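So the chains spell out like this:
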Amino acid sequence: MSRHAMRVTKLVTLFTVLGLLLTLAIPSALAEDSPLPLPVTHQHFNFIDPLLSASAEGHPGEAQYKNPSSPICSNSTSTDANVSTDCEGVAPHNETSIAVNPTNPQNLIGSANDYQLNLSAGGTVNETAFSRAHVSLDGGQTWTTYPIPYRGYTSTGDPAAAFDADGTAYLATLGFVWSQGVGCCINPDILVSTSSDGGQSWSKAARVASGTGYFNSPGVFNDKEAITAWGHGNAIVTWTVFNDGVGGSYINSPIYASVTHDGGNTWSTPSEISGSASFCIGTQGDNTCDQNQGSVPVVAADGSIYVSFMNYSNDPDGRDQYLVVKVDPSTGQRVGDPFLVSGLFDGFTDYPINIDGRQTYQDSQFRTWAFGNIAADPTDAAHLAVVWSDMRNTPHPVASDPYSTVTDSDIVVSQSFDGGQTWSAAAAIAVPGDQFMPWSAYDNNGLLRIGYFDRSYDPANHAYGFTLATENAPGSLSFNFAQVTDTLSDPTQGTRWFSGRTPNPAFPHPTTFLGDYSGIAVGPSGVANLWTDMREAVTFGSGTGSGENAYFGAMP
């Protein structure tokens, strides 16, 4: 779906959700179907709701959560195959990212959209949303939560974690500021914090790029950042710049990048890297050819940097395509035009649509998209892969009502052996049911590893597990599969979070938000997997249902 088409539905959703939150955050709202908290969706794909409370005079929950003691808390050591990485209570976690310290493989850092909720004795709900560092020093058996000093920001989201070769950790996120009297929010900044002790203490978040204007006004809305690091103090952040016009109208959305070479102390002036839309089907130079989102950078074995991103192709069916661009490691600037990887089956008629006007799956309400990432083979500098999910194998046309159709989303892979200049025909990993939100990385043997949400474990195509696919031989794009999860999660009904309406009585209280991505990271001893898991029943106020927690599982 084009970013312009997204905007039409999201602007309506934004103010509807804000009204719901302000209304529902009162004692009478703590009924079983209270949807607290809910995601705010502007025209931008990834944005979670910032601090809101029942109090009309301000944000009484801010002081409680903004500067907690460090460490905040720790989980008990566990030898279970699946371990929750959070210890702060029942509030949800989604959009997971994880990194392995190359100087100490037992040191893992994960993060997520991390909500903090408090219900006072009087029934007031206080909420914040600050991405924390979930840190393990024993390979994932014990997890401790550490705060990040987001001074001056009232919420954060879209976290991404990385380590450089020296073991310096980087955590990138969006930083939001809510300002009184402007209706909503100051458009978000791109922030990066660093840690030199494996995530146990963090620098004040550095501002890499600034947003301008407010929601529903002219300005720059930064969105969906990603980060990778290499060598001695080097890192690159890429993100989407949504340029908004009068009334917040959509103009375009190029991809930008910035680099650091001093461990995150200073960052280069952001530069546009998405380049000319030379593969756009429409008229060259119009804004429909510069609608991009979902960028991810990767460092190849020879130090080259490549960035994958989705681009709206102006296809008659509203489909996107994946492009890859090479950037200069020293400056972060683009080197030539992007290369076309493949077209995607993610258009107007490829998915059923949920109650918020967003793409979803069979018998579901949670939003989704084709987003994946690019991976680089450490044994071959010219060997790359781009991984995503789409609906190419779902029978078309797809009914718009998710309860009146059958979906078959698959993980799709294309690879390049010449540094991203040419790409193989897209190959789907064809298994039953829906697979979505993949993340990929190559291991030290040159085998592609892909983690993803997987409904093939449920014949009804409702509940999901998390699967790790491992290539049988380098470059073969044939895989064997291992189930990482030992318990399935059902997002179609009975959920506590992000569920305010029940469009089908056979599926009461579905979630509308699982997050938009998952995370894996390869280390010397295997693959660290981090995903949004719904196995735990949680109670908040008088409402009980499935929670959302960031769960970890290691695989060889």
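Residues numbered from 1 in each chain as written. Predicted model: local features only at pLDDT ≥ 70, side-chain atom pairs only at ≥ 80, totals over all residues. Heavy atoms only, no water.

Engineer: Looking at this model, I keep getting lost on the layout of surface pockets. Mind explaining?
Structural biologist: Empty space left among the atoms is revealed by rolling a probe the size of a water molecule over them. For the largest pocket, the calculated volume is near 1,200 Å³. Along the wall of the largest pocket there are 50 residues; nearest its centre are Thr-228, Ala-229, Val-298, Ala-441 and Val-522. Secondary-structure elements contributing two or more residues to the lining of the largest pocket are strand S4 (93-100), strand S9 (155-163), strand S13 (219-230), strand S18 (292-299), strand S22 (373-376), strand S26 (435-442) and strand S30 (519-523). The residue makeup of the lining of the largest pocket, split by class, is 33 nonpolar, 12 polar and five charged. (1 Å grid on protein atoms, 1.4 Å probe; cavity = no way out; pocket = protein on both sides within 12 Å on 5 of 7 lines; lining within 4 Å. Points joined across faces, edges and corners; volume = space filled by probe spheres on them. Helix = DSSP H or I, 4+ residues; strand = E, 2+ residues; numbered from the N terminus. Nonpolar A, V, L, I, M, F, W, Y, C, P; charged D, E, K, R; others polar.)

Engineer: Please clarify how the side chain of Asp-434 should be interpreted in this entry.
Structural biologist: As for its placement among the helices and strands, Asp-434 is situated in the loop between strand S25 (427-429) and S26. Here Asp-434 falls in the buried class, since its relative accessible area comes to 0%. Among the polar contacts listed, one links the side chain of Asp-434 to the side chain of Asn-461, at a separation of 3.0 Å. Residues in contact with Asp-434, not counting those within four places in the same chain, are Tyr-361, Gln-362, Thr-407, Asp-408, Ser-409, Phe-453, Asp-454, Arg-455 and Asn-461. (Buried < 20%, exposed > 50% of the residue type's maximum accessible area, 1.4 Å probe, protein only. Polar contact = N/O pair within 3.5 Å; in protein donor to acceptor, adjacent residues only side chain to side chain. Contact = heavy atoms within 4.5 Å.)

Engineer: Can you help me understand the nonpolar core in this one?
Structural biologist: Considering soluble globular proteins, one finds that nonpolar side chains tend to be buried as a cluster. Membership of the largest hydrophobic core comes to 41 residues, with the highest contact counts inside it found for Tyr-322, Phe-371 and Val-386. When residues in this core are grouped by element, the largest group, four residues, is from S26. The next biggest cluster of nonpolar side chains, apart from the first, holds 25 residues, and it includes Trp-178, Cys-185, Ile-227 and Val-241. (Core = buried A, V, L, I, M, F, W, Y, C linked by side-chain atoms within 4.5 Å.)

Engineer: Sorry, what's going on with the state of the cysteines here?
Structural biologist: Counted under the stated rule, the structure contains one disulfide. There is a disulfide in this structure between Cys-73 and Cys-87, and the S-S distance comes to 2.1 Å. Between Cys-73 and Cys-87 the disulfide shows an S-S torsion of about 90 degrees. By sign, it is right-handed. Placement of Cys-73 in strand S2 (residues 73-74) and of Cys-87 in the loop between strand S3 (83-84) and S4 is noted, with a sequence separation of 14 residues between them. (Disulfide = S-S within 2.5 Å.)

Engineer: How should the sheet that holds S9 be read in this particular structure?
Structural biologist: Strands pair in a sheet through their backbones, by hydrogen bonds, and they do so in one of two ways: parallel or antiparallel. Read from one edge of the open sheet, four strands run S9-S10-S11-S12, paired in antiparallel fashion. Edge positions in the sheet fall to S9 and strand S12 (206-209), since each has one partner strand and no second. Neighbour to neighbour, the strand axes of the sheet diverge by 30 degrees on average, direction disregarded. (Pairing = 2+ DSSP bridges. Axes fitted to C-alpha atoms, helices over the stretch in contact; angles between N-to-C directions.)

Engineer: Explain the pairing of strand S5 (residues 108-119) to me, please; I cannot follow it from the model alone.
Structural biologist: A regular strand places its side chains on the two faces of the sheet in alternate fashion. The element S5 is extensively covered by neighbouring structure, given that 10 of its 12 residues are classed as buried. Pairing of S4 with S5 involves six bridges; the strand directions are antiparallel. Among the inter-strand pairings, Val-100 is bridged to a residue of S5, identified as Leu-108. Direction of pairing for S5 relative to strand S7 (residues 133-136): antiparallel, over a ladder of three bridges. Residue pairing across strands places Leu-108 opposite Ser-136, the latter belonging to S7. As paired elements, S5 and strand S6 (residues 125-129) share five bridges and run antiparallel to each other. Note that in S6 the partner of Asn-118 across the bridge is Asn-126. Here S5 folds back onto S6 in antiparallel fashion, the turn holding five residues, of which Gly-123 has a positive phi close to 95 degrees.

Engineer: Whenever I open this one, the packing of aromatic side chains confuses me. Can you help?
Structural biologist: Under the counting rule described, the total for this entry stands at 22 aromatic pairs. Taking 6.3 Å as the distance between ring centres and 80 degrees as the angle between the ring planes, the aromatic pair formed by Phe-371 and Tyr-517 counts as edge-to-face. Of this pair, Phe-371 sits in the loop between strand S21 (339-343) and S22 while Tyr-517 sits in the loop between strand S29 (479-483) and S30, placing them 146 residues apart in sequence. Tyr-517 matches Phe-371 in its accessibility class, with the two residues each being buried. (Phe/Tyr/Trp six-rings, centres within 6.5 Å; stacked < 30°, edge-to-face > 60°.)

Engineer: I'm lost on the side chain of Asn-311 in this one. Help?
Structural biologist: Looking at the element boundaries, Asn-311 is found in strand S19 (residues 305-312). Among the polar contacts made by the side chain of Asn-311, one reaches the side chain of Gln-321 at a distance of 2.7 Å.

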